[in-house]
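Remarks on the overall topology
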Amino acid sequence: LQDCRRALRIAKVPGDPAWRSRLTGLGWGMVANARRVLEKLDGAEEALTLAYQLWEAGALGDPNLLLNPAWLPWIEAILRRAQRHFRLALQKLEEALELDRGELRGKILVSKSNLLAILGDSEGSTAILEQAIPLIDQEREPRLAFGLRFNLLEDLCVLGRAAEAAPHVPVVRQMAERLGGDLD
């Protein structure tokens, strides 16, 4: 929540009120996501509602779309998944992919893959993960890169393709060791 508070403080920059509204909407989206992580789903829902209101109110302040319009639909999709509203989550992920300008695509695809795996579609999950691999920078986001590759190996095993997964296990193990956590 510290980063969320920082984002909300940054949104109080001087200048155009519409731009500040847009920034504040994005900040409240981050608050919604943090509350989801903390399993405070009611609070996350409230923060997301406020985020959309502020985001829309600030549309005129961001005519060149400096802020990626995929952020809030992606955050909403993750919240809907946590609420077990899987079909709505999938719709929001599709919306986020349609709106994304590229910088969030890998993360959105990983979220979509996770949802497909929950829905029992390991084949769809695998295809999505294979699309996401080149979009995730292993140096900048090592945990995400590890999770993506681990999930891909898991999907391959579920699909009865363990022999295809086996040669990649040492790489994934090495990634886990670099992360250094006991759970990893």
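Summary of the structure given here. (Residues numbered from 1 in each chain as written. Predicted model: local features only at pLDDT ≥ 70, side-chain atom pairs only at ≥ 80, totals over all residues. Heavy atoms only, no water.)

**Quick word on the overall build of the protein chain**
Scanning the protein chain from terminus to terminus reveals ten helices and zero strands. Counted from the first residue to the last, the protein chain has its helices and strands arranged as α-α-α-α-α-α-α-α-α-α. The dimensions of the protein chain, computed from C-alpha atoms along their principal axes, are 55 × 35 × 30 Å. Counting all 184 residues of the protein chain, 41% fall into the buried class. (Helix = DSSP H or I, 4+ residues; strand = E, 2+ residues; numbered from the N terminus. Buried < 20%, exposed > 50% of the residue type's maximum accessible area, 1.4 Å probe, protein only.)

**A look at the pattern of salt bridges**
Between side chains of opposite charge, pairing is possible as soon as their charged atoms come close. In total, this model carries ten salt bridges according to the counting rule given. Residues Arg22 and Asp62 are paired through a salt bridge, measuring 3.8 Å at the closest nitrogen-oxygen approach. Of this pair, Arg22 sits in helix α2 (residues 17-37) while Asp62 sits in the loop between α3 (41-57) and α4 (71-82), and the two are 40 residues apart along the sequence. Among the ionic contacts, a cluster of salt bridges with common partners joins Glu45, Glu76, Arg80, Lys92 and Glu95. (Salt bridge = Lys/Arg side-chain N within 4 Å of Asp/Glu carboxyl O.)

**Quick word on the side chain of Asp100**
Tracing the sequence through the fold places Asp100 in the loop between α5 (86-99) and α6 (105-118). Asp100 sits in the buried class, given a relative accessible area of 7%. A polar contact is formed between the side chain of Asp100 and the backbone nitrogen of Gly102, at a distance of 2.8 Å. Aside from chain neighbours lying at most four places away, what touches Asp100 is Asn68, Ala70, Arg105 and Ile108. (Polar contact = N/O pair within 3.5 Å; in protein donor to acceptor, adjacent residues only side chain to side chain. Contact = heavy atoms within 4.5 Å.)

**Focus on the nonpolar core**
Trp74, Leu93, Ile108, Leu115 and Leu148 are the most contacted members of the largest nonpolar core, which has 30 residues in total. For this core, the secondary-structure elements that each account for two or more residues are α4, α5, α6, α7 (122-132), α8 (142-158) and α10 (169-179). (Core = buried A, V, L, I, M, F, W, Y, C linked by side-chain atoms within 4.5 Å.)

**Some words on the packing of α6 against α7**
Contact pair α6 / α7: the axes reach a minimum separation of 8 Å and the direction vectors enclose 165 degrees. Comparing the axis directions of α6 and α7 gives the class roughly antiparallel. Handedness of the crossing formed by α6 with α7: left-handed. When α6 is examined against α7, the residues Gly106, Leu109, Val110, Lys112, Ser113, Leu116 and Ala117 are found in contact with a partner set consisting of Gly124, Ser125, Ile128, Leu129, Gln131 and Ala132. In terms of residue class, the contact of α6 with α7 is made up of seven nonpolar, five polar and one charged. (Axes fitted to C-alpha atoms, helices over the stretch in contact; angles between N-to-C directions. Parallel < 35°, antiparallel > 145°, perpendicular 65-115°, else oblique. Left-handed = near helix turned anticlockwise from the far one by under 90°. Nonpolar A, V, L, I, M, F, W, Y, C, P; charged D, E, K, R; others polar.)

**Description of the environment of Gly160**
Structurally, the position occupied by Gly160 is in the loop between α8 and α9 (162-165). A residue is classified by how much of its surface remains accessible, and Gly160, at 65% relative accessible area, is exposed. Gly160 sits 97 residues away from Pro63 along the chain, and the two C-alpha atoms are 49 Å apart.

**Side note on unusual backbone geometry**
Positive phi outside glycine occurs at Glu39, with the angle close to 65 degrees. Assignment of secondary structure puts Glu39 in the loop between α2 and α3. Among the residues examined, Glu39 registers a relative accessible area of 70% and is labelled exposed. With a phi angle near 50 degrees, Leu65 is a residue other than glycine that sits in the positive phi range.

Any functional reading would require information beyond the geometric quantities listed.
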